[in-house]
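Notes for the structure review
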Amino acid sequence: MTAIALPILFPFLLILVFIAVKSNRTAQLIAVVGTAVLVVISIYLFFEVQKYGILTLDMGGWKSPMAITLVVDYLSVLMLIVSSLIVFALSIYAIYFMPGQHKSTRFYVFFFALIMGVNGAFITGDVFNLYVWFEVILISSFVLIIIGNSKEQLEGGIKYMALNLIGSLLFLAGLGLLYGKTGTLNMAHLAQILRAEEQSILINSSTALFFIAFGIKAAVFPLFFWLPASYHTPNITISALFAGLLTKVGVYALIRFFTLFFVQDQAFWLNMLLVVAGFTMVVGGMAASAHYDVRRILSYHIISQIGYMIMGLAIFTPLAIAGAIFFMIHNMIAKTNTFLIAGMINKIKGTFYLKDIGGLLSQSPLLAVLFIIPAFALVGVPPLSGFFAKFILVKAGIESKDYIIVAVAVLTAMLTLYSMIKIWNEAFLKESPTTELAKSEEVKLRFGHFLPSIILGIASVLLGLFAATIFEFATRAANQLIEPAAYINSVLNHTMP
Amino acid sequence: MNSVILQLAAKYIRALLVFFAFVALLRGHNQPGGGFIGGLLAALSIVYYSFAFDRQKIRKQLTIKPEGYIALGLLIILLSFLPSIIQGETLMKGIWISIPLYPLEELKLGTPLLFDIGVFMAVIGITLLFFFTLTKSR
């Protein structure tokens, strides 16, 4: 099944195209078409997974565990679909919101390098290969942060790079130890070896290193400091891209590792995850409510929402993990959408600072509606996606008698509501504080400006309306994770069509 | 820097470095070496040369610009996947052809070599890009 490699190969091809393309217009067109093709590829893979079960591809014709294996199961393919949908919306958004500066096709080179890295991380079945994709993500995102070369961006970029490099270092140390102990880095082979092993003393050192490394990547408490230091500095298109994809790759890796092979001493590690999840939710939520820059509020809010995903993993029942996956799908879409709206507010008002904004409700009712959808989805108002995501998680928490985390989760929803209401009140409801002079500079938005947000808004609504179907797929993904026999079998024994 | 000794040495060392770059590239499959190391050596030859002579002039005289090397390298890497796809094999499987060279042994050429040449080019490009960017005088 060579098609499995397409989510990596296709962006790679596009990178080459963008190096050659000089015209900004052509680049924008290729980007939109290219990301649309990515959506089609991931949906195709989804149907293949439905038909044949877990798909594997041993690169280079070697037999796994020798080969670098690409594995696509339900979790991977769901992540692929959501991420390609987000980058599709963003490629439209970039047309209107990325300034067409000199060498702007460079932006697209690294945009697709990031997509390649994220897709690679989602479908690889090899720990070292995962490390390589994390590096691809890190380098391309660093370049994206500093596009524009402002002092603020460089400062944010350096902080981002430095703290993430520490994460990469720990990741490398962890995988080195793991290789020393087991002699393999193929995930399925590792699972086969480690699941048969009762001894946990030797494994815990690697578990701890991976826990911290992925914790940094996923921005959990207390390792999240790189995120608020850097996310508000780049162009809003890039912030939105990061909000949708970056931290979720870390969460994906945590889910993958802690379900597949770090299953010794589970009681300890799951408790650890549970505590981390609780603190992440509360601290992120509280920090968000203290700020007045829209981008900072939303950045801290990303952290708060990561807590829910970790909570699902930590409760570790099929229902909870399905909840975590559902929550990831919902959050990636809704969170990106709020950043898109922040960009539009900035476009109209020329600032991200809430105190200088106001009166948007009468000025642009469509924008208000578009804000309401992701905001209510994030809070968890019933017909929208967030309600079902939180409902599943809370239900799983109550079933496994983790009452404290449930209480924290419900409380954090209040904090979320508070920050969303704050943005609503300050930006949309209150009178515009700007003077006459500033008003004349206000920009009217065209339909194209709204289109990406409309796409993601519709996705949020559909996710709520067809929650049962999505939940069904999330459950299948969770079952594949909880019972990894099928995963191990299809990688190592090649039970493939 | 304007040292006659350095300039004279640079000419010979450059030739040597290029030669060993290709040696490293070609022997990489069975012995230590490969595209990455070969690429570093090849880039070093230009770096060394530009220490001895005027840097910006050297940069202008490059037939292929550093960015061009990177693009070319990535393109060759992508092309090296093609034979395996065309033959219907697993992606990235090494496809070898052998050219008989009488009276010598046969010459075996394969996609791994093509891949290595791609890496070689990309490494030259990125090293030169680093070098010329970091030494740019304001």
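So, how was this worked out
Residues numbered from 1 in each chain as written. Chains lettered and ligands numbered in written order. Predicted model: local features only at pLDDT ≥ 70, side-chain atom pairs only at ≥ 80, totals over all residues. Helix = DSSP H or I, 4+ residues; strand = E, 2+ residues; numbered from the N terminus. Buried ≥ 20, exposed ≤ 12 C-beta atoms within 10 Å, placed from the backbone. Contact = placed C-beta atoms within 7 Å. Rg over C-alpha atoms; globule rule 2.2 N^0.38 Å. Nonpolar A, V, L, I, M, F, W, Y, C, P; charged D, E, K, R; others polar. Expected span 1.5 Å × (residues − 1). Domains from an automatic or database assignment. Axes fitted to C-alpha atoms, helices over the stretch in contact; angles between N-to-C directions. Parallel < 35°, antiparallel > 145°, perpendicular 65-115°, else oblique. Left-handed = near helix turned anticlockwise from the far one by under 90°. pLDDT = per-residue confidence, 0-100. Core = buried A, V, L, I, M, F, W, Y, C linked by C-beta atoms within 7 Å. Pairing = 2+ DSSP bridges.

1. Brief notes about the overall build of chain B
From N to C terminus, chain B includes five helices and two strands. When the helices and strands of chain B are read in sequence order from the N terminus, they spell out α-α-α-α-β-β-α. Principal-axis analysis of the C-alpha atoms places the extent of chain B at approximately 55 × 35 × 25 Å. Classification of the 138 residues of chain B by burial places 31% in the buried group. The contacts in chain B between residues at least 6 apart in sequence include a share of 64% that link residues at least 24 apart.

2. Section: the overall build of chain A
When helices and strands are counted, chain A shows 21 helices and two strands. Its C-alpha atoms give chain A a radius of gyration of 22 Å, near enough to 23 Å, the size a compact globule of 497 residues would have. Expressed as lengths along the three principal axes of its C-alpha atoms, the size of chain A is roughly 70 × 55 × 40 Å. When each of the 497 residues of chain A is scored for burial, the buried share is 59%. If you take every contact in chain A between residues at least 6 apart in sequence, the share linking residues at least 24 apart comes to 80%.

3. A few points about the interface of chain B and chain A
Between chain B and chain A, the contact holds 11 residues from the first and 12 residues from the second. Residues of the side of chain B that touches chain A, tallied by class, amount to seven nonpolar, two polar and two charged.

4. Side note on helix 15 (residues 365-379) of chain A
Residues and elements named next belong to chain A. Taking 1.5 Å per residue, 15 residues should reach 21 Å; helix 15 reaches 21 Å between its end C-alpha atoms and fits that length. Elements that come into contact with the buried residues of helix 15 comprise helix 13 (318-349), helix 14 (360-363), helix 16 (385-399), helix 17 (403-429) and helix 19 (447-465). The positive-phi residue at the C-terminal boundary of helix 15 is Gly 380, with phi of around 105°.

5. Remarks on the domain arrangement of chain A
Buried accessible area, meaning the area lost when the parts come together, often serves as the stated size of an interface. All names here are of chain A. By the assigned domains, chain A splits into domain 1 (1-263) and domain 2 (265-465). Computed from C-alpha atoms alone, the centre-to-centre distance between domain 1 and domain 2 is 23 Å. Contacts between the two partners involve 38 residues from domain 1 and, on the opposite side, 39 residues from domain 2. Looking at side-chain class alone, the side of domain 1 that touches domain 2 contains 28 nonpolar, nine polar and one charged residues.

6. Observations concerning the packing of helix 3 (residues 74-97) of chain A against helix 19 of chain A
Residue and element names in this part refer to chain A. Axis separation between helix 3 and helix 19 bottoms out at 7 Å; the angle between their running directions is 165°. Comparing their axes, helix 19 and helix 3 come out roughly antiparallel. Relative to helix 19, the crossing made by helix 3 is left-handed. Along its contact with helix 3, which presents Leu 85, Ala 89, Leu 90, Ile 92, Tyr 93 and Tyr 96, the element helix 19 presents Gly 448, His 449, Leu 451, Pro 452, Ile 455, Leu 456 and Ala 459. Taken together, the residues that form the contact of helix 3 with helix 19 break down as 11 nonpolar, two polar and no charged.

7. Overview of the confidence of the model for chain B
Residue and element names in this part refer to chain B. Averaged over every residue, the pLDDT of chain B is 85; residues scoring 70 or more account for 98%. Within chain B, strand 2 (residues 107-110) has the poorest average pLDDT of any element, 78, and helix 5 (residues 111-134) the best, 90. Predicted complex, confidence summary: ipTM 0.84, pTM 0.91.

8. Here's the deal with the packing of helix 16 of chain A against helix 19 of chain A
Residues and elements named next belong to chain A. Axis separation between helix 16 and helix 19 bottoms out at 7 Å; the angle between their running directions is 45°. Considering the angle they form, helix 16 stands oblique to helix 19. Judged by residue contacts, Ser 385, Phe 387 and Phe 388 of helix 16 engage Ser 460, Leu 463 and Gly 464 from helix 19.

9. Observations concerning the nonpolar core
Residue and element names in this part refer to chain A. Ile 310, Leu 313, Ile 325 and Phe 326 are the most contacted members of the largest nonpolar core, which totals 222 residues. Looking at this core element by element, the count peaks at 20 residues for helix 13. Looking at which domains feed residues into this core, each of domain 1 (1-263) and domain 2 (265-465) gives three or more. In this structure, Leu 313 is in contact with Leu 254, Ile 255, Phe 258, Leu 273, Ile 321 and Ala 324, ignoring residues within four places of it in sequence.

10. Some points on the pairing of strand 2 (residues 69-72) of chain A
Residue and element names in this part refer to chain A. Across the two faces of strand 2 the burial is the same, with Thr 69 and Val 71 and Leu 70 and Val 72 all buried. Here four bridges tie strand 1 (residues 55-58) to strand 2, and the two strands are oriented antiparallel to one another. In the strand pairing of strand 2, Leu 57 is matched with Leu 70.

11. Things to note about the environment of Ala 324 of chain A
Residue and element names in this part refer to chain A. On the secondary structure map, Ala 324 appears in helix 13. The class for Ala 324 is buried, based on 32 C-beta atoms found within 10 Å. Along the backbone, Ala 324 and Leu 429 are 105 residues apart, and their C-alpha atoms lie at a distance of 34 Å.

12. Structural notes on unusual backbone geometry
All names here are of chain A. Following Phe 221, the chain continues into Pro 222 via a peptide bond in cis, with omega recorded as -5°. By the secondary structure assignment, Pro 222 is in the loop between helix 8 (201-218) and helix 9 (226-230). Of note, Asp 265 is a non-glycine position whose phi angle comes to about 50°, a positive value. Tracing the chain through its elements places Asp 265 in the loop between helix 10 (236-260) and helix 11 (266-289). Owing to 14 C-beta atoms within 10 Å, Asp 265 belongs among the partly exposed residues under this scheme. One non-glycine residue, Phe 316, lies in positive phi territory at about 60°. In this structure, Phe 316 sits in the loop between helix 12 (294-315) and helix 13.

13. As for the environment of Tyr 131 of chain A
By the element assignment, Tyr 131 of chain A lies in helix 5 (residues 127-145). In this structure, the C-alpha to C-alpha distance between Tyr 131 of chain A and Leu 445 of chain A, residues 314 residues apart in sequence, is 42 Å.

14. A word on the environment of Ser 490 of chain A
All names here are of chain A. Structurally, Ser 490 is set in helix 21 (residues 485-492). The class of Ser 490 is buried, set by 21 C-beta atoms lying within 10 Å. Along the sequence, Ser 490 and Ala 474 sit 16 residues apart, while their C-alpha atoms lie 20 Å from each other.

15. A look at helix 4 (residues 66-86) of chain B
Along its 21 residues, helix 4 of chain B runs 31 Å from first to last C-alpha, staying within 8% of the 30 Å computed at 1.5 Å per residue. Along helix 4 of chain B, the residues classified as buried are Pro 66, Tyr 69, Ile 70, Ala 71, Gly 73, Leu 74, Ile 77, Ser 80 and Ser 84 of chain B. Check the buried side of helix 4 of chain B and you find it contacts helix 1 (6-20) of chain A together with helix 5 of chain B. Count one or two residues on from helix 4 of chain B and you reach Gly 88 of chain B, which has phi positive near 75°.

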